[in-house]
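# Overview (structure and organization)
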Amino acid sequence: MSTVGNNTNIFWHECPVGRPERQKLLNQKGCVVWITGLSGSGKSTLACSVSRDLHSRGKLSYVLDGDNLRHGLNKDLGFKVEDRTENIRRVGEVAKLFADAGLICIASLISPYRKDRDACRALLPDLSFIEVYMNMPLELCEERDAKGLYKLARAGKIKGFTGIDDPYEPPLNCEIELSQQDGVCPPPGAMAGKVVTYLEEKGFLEDK
Ligand SMILES: Nc1ncnc2c1ncn2[C@@H]1O[C@H](COP(=O)(O)OS(=O)(=O)O)[C@@H](OP(=O)(O)O)[C@H]1O
Ligand SMILES: Nc1ncnc2c1ncn2[C@@H]1O[C@H](COP(=O)(O)OP(=O)(O)O)[C@@H](O)[C@H]1O
């Protein structure tokens, strides 16, 4: 019996089919690939490219995309500091469950605050949280402006937009950093290849 958060008198129920059994079934190791970066830096594109690449290798993954989750699970949250923190906390907990299910969970959120990302990392055991930093310059993201949001933010029509009038804190010790090469952004497939190679080298694509 224990007290957790606001709950007292709650009990943890162990199930005989656990993570090791699920990982054996899938022949892979559950983990979280956490993609962080500015809006327009290419997070969703990379997440989908990694997922497609893994799928073609017979590996099971699932993408948790910030924008998509705000249509459901997180639709009660906005972009104030507390809301972003709660957004990241919830996604971190969901990602942990997916990893426990044995999946390669790809979370793609701006997740601008270092302490929130670090709290998600702390939820995952033994190096199974892989932080990927899309280190793309604000100028590039703003030039892309795929959704027209930077224009609105510059015009003062969106307040607290990351990179404009709300901070983005880059990772200090991420596992993978993706950036421009000679001033050019590599194609999504090439960047996805780096992530998948990392997963392969670290043994996540087999259960041995
Ligand atoms: N104020 C403000 N700041 C940043 N982004 C904004 C804002 N308002 C709306 N949007 C849109 O919301 C998407 C980011 O959602 P996230 O859940 O990833 O954000 S966060 O991690 O909670 O900061 C983000 O999507 P991406 O472009 O995919 O990053 C934007 O389209
Ligand atoms: N590697 C890339 N090279 C060129 N354009 C890209 C690349 N990755 C993404 N894009 C383009 O940039 C825009 C933003 O990408 P998106 O994946 O939606 O970013 P985010 O999820 O970080 O907001 C889209 O128009 C997308 O097609």
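Residues numbered from 1 in each chain as written. Chains lettered and ligands numbered in written order. Predicted model: local features only at pLDDT ≥ 70, side-chain atom pairs only at ≥ 80, totals over all residues. Heavy atoms only, no water.

An unreviewed UniProt entry lists the chain under the name Adenylyl-sulfate kinase, with Punica granatum as the source organism. Check the Pathway (unreviewed entry) section of the UniProt entry for the chain; it says "Sulfur metabolism; hydrogen sulfide biosynthesis; sulfite from sulfate: step 2/3." What UniProt records for the chain under Sequence similarities (unreviewed entry) is the sentence "Belongs to the APS kinase family." (UniProt positions renumbered as here; feature names shortened; annotations may be inferred.)

The next thing to look at is the overall build of the chain. A count of helices and strands for the chain gives eight helices and seven strands. For the chain, the C-alpha radius of gyration of 18 Å lies close to 17 Å, the compact-globule estimate for 208 residues. By principal-axis analysis of the C-alpha atoms, the chain measures approximately 55 × 45 × 30 Å. Counting every position in the chain, which comprises 208 residues, the buried fraction comes to 41%. Working note: accessible area of the chain is about 11,600 Å², and carbon and sulfur atoms make up 56% of it. Charge centroids of the chain, computed over 28 positive and 29 negative side chains, lie 3 Å from each other. (Helix = DSSP H or I, 4+ residues; strand = E, 2+ residues; numbered from the N terminus. Rg over C-alpha atoms; globule rule 2.2 N^0.38 Å. Buried < 20%, exposed > 50% of the residue type's maximum accessible area, 1.4 Å probe, protein only. Areas by Shrake-Rupley, 256 points an atom, 1.4 Å probe, with all protein chains shown as cover. Lys, Arg positive; Asp, Glu negative; His and termini not counted. Charge placed at Lys NZ, Arg CZ, Asp CG, Glu CD.)

Turning next to the sheet that holds strand β7 (residues 176-179). What the five strands build is an open sheet, ordered β4-β5-β3-β6-β7; its pairing is parallel. Only two strands of the sheet have a single partner each, and these edge strands are β4 (61-65) and β7. When strand polarity is set aside, the average angle formed by the axes of neighbouring strands in this sheet is 20°. Summarising the sheet, β4 and strand β5 (residues 104-108) pair through five bridges and their orientation is parallel. What sits directly across from tyrosine 62, in β5, is cysteine 105. Most of the contacts of helix α5 (residues 114-123) go to strand β6 (residues 129-135), to which it runs at about 155°, and overall it touches β3 (31-36) and β6. Sitting on the sheet, helix α8 (residues 188-201) is in contact with β3, β5, β6 and β7, with an inclination near 170° to β7. (Pairing = 2+ DSSP bridges. Axes fitted to C-alpha atoms, helices over the stretch in contact; angles between N-to-C directions. Contact = heavy atoms within 4.5 Å.)

Let us now look at the nonpolar core. Val33, Leu46, Ile130, Val132, Val195 and Leu199 are the most contacted members of the largest nonpolar core, which has 31 residues in total. If you list the elements that add at least two residues to this core, you get β3, α2 (43-56), β5, β6, α6 (138-144), α7 (149-154), β7 and α8. When residues in this core are grouped by element, the largest group, six residues, is from α8. Beyond its immediate stretch of four places on either side in the chain, valine 33 contacts Ile104, Cys105, Ile106, Ala107, Ile130, Val132, Val195 and Leu199. (Core = buried A, V, L, I, M, F, W, Y, C linked by side-chain atoms within 4.5 Å.)

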